[in-house]
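Read off the chains here:
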Amino acid sequence: MTLEDEAKLQPSHLTLPVHYWQQGSEQKKLDCIAEEVPIAMVYNGISHAVMMASPANLHEFSLGFSLSEGIINHAAEIYDIELVASEKGIEVRLDISSERMMSLKSHRRNLTGRTGCGLCGSESLETAIRPIKSVTPQTLPSSRVVQDALSQLSEHQKLQALTGAVHGAAWCDDTGKILLLCEDVGRHNALDKLIGSLALRKINSQSGFVVISSRASYEMVQKVTSANIATLVAVSAPTGLAISLANQAKLNLIGFARPGRHTCYTKFNK
């Protein structure tokens, strides 16, 4: 399925008439609204997770989700991806290796993902937080490089500019230039889409860093470390658990990254 065919399933935004009020004056105008759709991840005919997401870049989303959740270890373990739309949402039907399917059945987590929710559907405290993977340490990007990346973020967030309702996850090279950016109503989903995009394009995860437009929760740390990405820059704050896991994984973690300032919470070198 081409990107054009995928876009026909359901657009990422719609235009609606609204009543706009400002400083005592009201007028009718058209407004762009972000779409939020149930996306079912179905592996070898068995439904595993339903996530609320923006209906775009679903091939990248399903690949990134499968990698970051540990369902597969490599993109080659997915043999086929089929998108099937209905009135209720979109099914992403993935055909994965029998070995990975056996592993999935033994560690199955039924997720119903409210937008941006990371723990919905966890069956116990033991399964809530997976063991963190250590990354190959890389030198922290310079302050100038981080600030250069931040300065480009808004111009790459096209859907956010239209709707004001989505998160972005950007892949930046070692100079701070944004090479890829994925958007979604859910911050976890945006990052999964980016991880999937990196895998599809076979981009070396050690050749740059990630910038996210959200806070850095523990799950955002888990996702980037699953892809062996050594630096995560978040526009908002990290949580205490995220910092703890970043230390365990030897992940460079920067938060409160805004124009002219940012805070480094963990720092490692090669």
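Residues numbered from 1 in each chain as written. Predicted model: local features only at pLDDT ≥ 70, side-chain atom pairs only at ≥ 80, totals over all residues. Heavy atoms only, no water.

A.B. asks: Break down the overall build of the protein for me, with residues and values.
C.D. replies: Along its length, the protein carries nine helices and 13 strands. Across the 270 residues of the protein, 48% fall into the buried class. Once local pairs closer than 6 in sequence are excluded, the contacts in the protein between residues at least 24 apart make up 54%. Here the protein has roughly 13,100 Å² of accessible surface; of this, 52% comes from carbon and sulfur atoms. (Helix = DSSP H or I, 4+ residues; strand = E, 2+ residues; numbered from the N terminus. Buried < 20%, exposed > 50% of the residue type's maximum accessible area, 1.4 Å probe, protein only. Contact = heavy atoms within 4.5 Å. Areas by Shrake-Rupley, 256 points an atom, 1.4 Å probe, with all protein chains shown as cover.)

A.B. asks: Just give me the short version of helix α3 (residues 98-106), but keep the residues and values in it.
C.D. replies: An α-helix turns once per 3.6 residues; consequently, residues spaced three or four apart project the same way. Three or more residues of α3 are buried, namely Arg100, Met101 and Leu104. In an axial view of α3, the angular spread of the buried residues amounts to 100 degrees, which keeps them on one side of the axis. Among the exposed residues of α3, those oriented more than 90 degrees off its buried face are Ser98, Glu99, Met102, Lys105 and Ser106. Taken together, the buried residues of α3 touch β3 (37-43), β4 (46-53) and β6 (89-96). (Arc of directions from axis to C-beta.)

A.B. asks: Go over the packing of helix α7 (residues 187-200) against helix α8 (residues 218-226), please, and point to the residues and values.
C.D. replies: Where α7 meets α8, the closest approach of the two axes is 10 Å, and the angle between their N-to-C directions is 5 degrees. Taken together, α7 and α8 sit at an angle that is classed as roughly parallel. In this structure, α7 contributes Arg187, His188, Leu191, Asp192 and Ile195 to the contact, and α8 contributes Glu219, Met220, Lys223 and Val224. Each residue belonging to the contact of α7 with α8 can be placed in one class, and the counts come to four nonpolar, one polar and four charged. (Axes fitted to C-alpha atoms, helices over the stretch in contact; angles between N-to-C directions. Parallel < 35°, antiparallel > 145°, perpendicular 65-115°, else oblique. Nonpolar A, V, L, I, M, F, W, Y, C, P; charged D, E, K, R; others polar.)

A.B. asks: Before we move on, can you summarise the packing of aromatic side chains with the specific residues and values?
C.D. replies: Considering all chains together, one arrives at one aromatic pair under this definition. The aromatic ring of Tyr20 is capped on one face by Lys29, whose charged end is 4.4 Å from the ring centroid. (Phe/Tyr/Trp six-rings, centres within 6.5 Å; stacked < 30°, edge-to-face > 60°. Lys NZ or Arg CZ within 6 Å of the ring centre and 35° of its normal.)

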